Amino acid sequence: MEHLLLVSAFVVLFLDWFGPRGLASVIFALLVTSEHTFAHGDSLFNVVILTATLSVVVHGMTALPGVAGYSRIIRAEEHQDRSEHHPVTEHPLRHRVV
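Residues numbered from 1 in each chain as written. Predicted model: local features only at pLDDT ≥ 70, side-chain atom pairs only at ≥ 80, totals over all residues. Heavy atoms only, no water.

Before going further, it helps to spend a moment on the environment of Ser8. For Ser8, the position within the fold is in the segment before α1 (9-18). Sequence spacing of Ser8 and Glu77 is 69 residues, and the spatial spacing of their C-alpha atoms is 8.9 Å. (Helix = DSSP H or I, 4+ residues; strand = E, 2+ residues; numbered from the N terminus.)

Shown next as C-alpha cells:
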C-alpha cells in the first residue's frame, strides 16, 4: 500500500451519508425488472424510485447542517495529522494521459 489514508470517523460517516447511492439503486432496479419477469416487479421499481426520491429530499434538508458540522469538527481537529488536513496539490493518476 503506497499511502495509508488516516481520516476521522466523522469524515467516514459524513461521506457515507452523502455518498452516491440513489442512482445506482434505480439502475439496478431497472436492470432487474427489465431482464426478469416476477410478481410485483412494478411495485419493486416504484419502491426504489420512492426511496431514491425521499433520499434526495432528506439529503437536501441535511446538507447545510451536515456541512456546518463537518466544518466545525475539521477545524477542531486541525492539529491532528490526518489526510483531510493536508493540502492537495496534485491528484495521483494510475495512468498518464498524453
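Once you've had a look at it, read on.
The next subject is the side chain of His59. Mapped onto the secondary structure, His59 falls in helix α3 (residues 41-76). There is a polar contact of 2.6 Å between the side chain of His59 and the backbone oxygen of Ser55. (Polar contact = N/O pair within 3.5 Å; in protein donor to acceptor, adjacent residues only side chain to side chain.)

Right, let's talk about the packing of helix α2 (residues 22-35) against α3 for a bit. At a closest axis distance of 9 Å, the pairing of α2 and α3 adopts a crossing angle of 170°. The pairing of α2 with α3 is recorded here as roughly antiparallel in orientation. From α2, Gly22, Ser25, Val26, Ala29, Leu30 and Thr33 reach across to α3, where they touch Gly41, Leu44, Phe45, Val48, Ile49 and Ala52. (Axes fitted to C-alpha atoms, helices over the stretch in contact; angles between N-to-C directions. Parallel < 35°, antiparallel > 145°, perpendicular 65-115°, else oblique. Contact = heavy atoms within 4.5 Å.)

The end-to-end C-alpha distance of α3, which contains 36 residues, comes to 49 Å, matching closely the 52 Å that a straight helix rising 1.5 Å per residue would cover. The sharpest bend along α3 reaches about 45° and sits at Ala63, with the proline Pro65 one to four residues further on. Every buried residue belonging to α3 is among Gly41, Val48, Ala52, His59, Gly66, Gly69 and Ile74, and all of these are buried. The inward-facing, buried residues of α3 abut α1 and α2. (Expected span 1.5 Å × (residues − 1). Bend = angle between axes of the 7 residues up to and from the residue. Buried < 20%, exposed > 50% of the residue type's maximum accessible area, 1.4 Å probe, protein only.)

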